[in-house]
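Structure assessment
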Amino acid sequence: MVPLFAFSLLSALVDVFAGARLQQVDPGAVAAVAFTLTGGVFCTAAVVRLRWKPLVAVARTHARDLLVVNVTTALSWLSLLYALKLMEPAVANVVSIAIGPAFTVVMQMLWWRRDKVLPGEFVSAVGILATLILLVWASLTGESGVGARDLTAMSLGVVAAVVSGAATSGNVVFSARLGAAGVDVPTVMGLRFGLVAVGGWVMAGFAGFDALGEAVVPGVVVAVIGVSVPAYLVQIGVRRVPPMTASMVISLAPVLTLLLQFFDTRLEFSTVSAVGIGVITLFIGVGLLARRSAQRSAPPPTAENEDFVHAVRDH
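Residues numbered from 1 in each chain as written. Predicted model: local features only at pLDDT ≥ 70, side-chain atom pairs only at ≥ 80, totals over all residues. Heavy atoms only, no water.

**A closer look at the overall build of the protein**
Looking only at helices and strands, one finds 15 helices and 0 strands in the protein. When each of the 315 residues of the protein is scored for burial, the buried share is 54%. When the accessible surface of the protein is totalled, it reaches about 13,400 Å², and 72% of it is carbon and sulfur. (Helix = DSSP H or I, 4+ residues; strand = E, 2+ residues; numbered from the N terminus. Buried < 20%, exposed > 50% of the residue type's maximum accessible area, 1.4 Å probe, protein only. Areas by Shrake-Rupley, 256 points an atom, 1.4 Å probe, with all protein chains shown as cover.)

In structure tokens, the structure reads:
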């Protein structure tokens, strides 16, 4: 689970950085720069490693799952960048990430039958969802760290964060499906950023390409610490734990964001945000302990129970 914990830290860092920079820079321009760089690097590496024809063959064989990964990558990142512009980073982060377990419960039941959702994980997901309602209310009523803002803008920020969270959950599940099908991490990384790069350029075009100059530096930072390294860590992490466990660990990022945003002077401390994120962290602990207990009580691997052992093995 270490790669997923590292992802949470980097996610917090980039959310605080982007939340500050996006007040002056268009999110679409940042996305265009960040994902063109990221996609170009990983796609080139995949072509060099596999050569063109084998890479195309992999893309054709797993076209459906790769399409879903591309769509969810685009939705999760583009909507998150706009949420960070409109909301307190910690709240945008907690809505977009901590809502993941609730969506993952449904998606895992539908598209990932190898790992059963445990009762403790289900309770944890429901608790997280209930706490998120409180945090959303706090944001809409001006009780979050950014204070009172236009209700329409805050509502759009909440919607963007929810869309990001739903897309992230789908990304985790379908990345796990690709891993189970034998598609290695570098190949997935080379084939997942095409749609989000195109989406970034389309949004940058609506805002005017004059904004690209100011977006270069934040775009490079987002590309490195916000996309490339974290996405690689997630691809590694989801192959070692069930999707529900991965979603729980990723949901720790808002706690780190809350701590890091103390360095952002434009934000005020919000008691409601702090308490809500603390409660969510407790529910995450419940979910992780449930999975740990199931792992410890699992029988030793045999030909008959190998599938069950996979469901509880997260190391």
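Once the structure has been displayed, the description carries forward.
**Side note on the nonpolar core**
By size, the foremost hydrophobic cluster in this structure holds 45 residues, and its most contacted members are F35, W77, L132, F193 and V196. Ranked by residues supplied to this core, first place goes to helix α2 (residues 27–50) with 8 residues. When near neighbours in sequence (up to four residues on either side) are disregarded, F35 contacts G40, W77, F193, V196, A197 and V227. Counting 10 residues, the second-largest nonpolar core is a separate cluster that includes A46, L55, L66 and V173. (Core = buried A, V, L, I, M, F, W, Y, C linked by side-chain atoms within 4.5 Å. Contact = heavy atoms within 4.5 Å.)

**Quick word on a nonpolar patch on the surface**
Judged by side-chain polarity, L37, V216, V217, V220, V224 and V229 come together as a nonpolar surface patch covering roughly 460 Å² of accessible area. Ranked by the residues each element gives to the nonpolar patch, the list is headed by helix α11 (residues 212–237), at 5 residues. Here L37 lies in helix α2. (Patch = residues over 30% accessible without salt bridge, like charges linked within 9 Å, V, L, I, M, F, W, Y side chains within 5 Å. Salt bridge = Lys/Arg side-chain N within 4 Å of Asp/Glu carboxyl O.)

**Things to note about the packing of α2 against helix α3 (residues 52–61)**
Contact pair α2 / α3: the axes reach a minimum separation of 7 Å and the direction vectors enclose 110 degrees. Considering their axes alone, α2 and α3 lie roughly perpendicular with respect to each other. Together, A46, V47 and L50 of α2 and W52, P54 and L55 of α3 make up the contact between the two elements. The residue inventory of the contact of α2 with α3, partitioned by class, reads 6 nonpolar, no polar and no charged. (Axes fitted to C-alpha atoms, helices over the stretch in contact; angles between N-to-C directions. Parallel < 35°, antiparallel > 145°, perpendicular 65-115°, else oblique. Nonpolar A, V, L, I, M, F, W, Y, C, P; charged D, E, K, R; others polar.)

**Comments concerning the packing of aromatic side chains**
On inspection of all chains with the given rule, the structure shows 3 aromatic pairs. An aromatic cluster is built from F35, F42, W77 and F193, whose rings are joined through pairwise contacts. (Phe/Tyr/Trp six-rings, centres within 6.5 Å; stacked < 30°, edge-to-face > 60°.)

**So, the pattern of salt bridges**
Under the counting rule described, the total for this entry stands at 2 salt bridges. A salt bridge links R49 to D184; its shortest N-O distance comes to 3.0 Å. With R49 in helix α2 and D184 in the loop between α8 (151–180) and α9 (185–191), the pair connects residues that are 135 residues apart, well separated along the chain. Here D65 and R177 are joined by a salt bridge, their closest N and O atoms 3.2 Å apart. Here R177 lies in helix α8 and D65 lies in helix α4 (residues 63–86), a separation of 112 residues in the sequence. For D65, a relative accessible area of 11% translates into the label buried.

**Considering the environment of V241**
By the element assignment, V241 lies in the loop between α11 and α12 (243–250). Put simply, V241 and A176 are 65 residues apart on the chain and 9.1 Å apart in space, counted from C-alpha to C-alpha.

**A word on unusual backbone geometry**
With phi around 75 degrees, R51 is a residue other than glycine that occupies positive phi space. Among the secondary structure elements, R51 is positioned in the loop between α2 and α3. Here R51 falls in the exposed class, since its relative accessible area comes to 57%.

**Topic: the environment of L132**
Looking at the secondary structure, you find L132 in helix α7 (residues 119–140). Separated by 147 residues in the primary sequence, L132 and V279 place their C-alpha atoms 9.8 Å from one another.

**Quick look at the environment of S273**
By secondary structure assignment, the location of S273 is in helix α14 (residues 271–296). Once the C-alpha coordinates of S273 and L135 are considered, the two residues, 138 residues apart in sequence, prove to be 6.4 Å apart.

**Some thoughts on the confidence of the model for the protein**
In the predicted model, the protein carries a mean pLDDT of 75, and the fraction of residues at 70 or more is 68%. By mean pLDDT, the top-scoring element of the protein is α3 (91), and the lowest-scoring one is helix α15 (residues 306–312) (34). Overall, residues 301–315 carries pLDDT values under 50, and its contacts beyond four positions in sequence, including any with other chains, amount to 37 contacts. (pLDDT = per-residue confidence, 0-100.)

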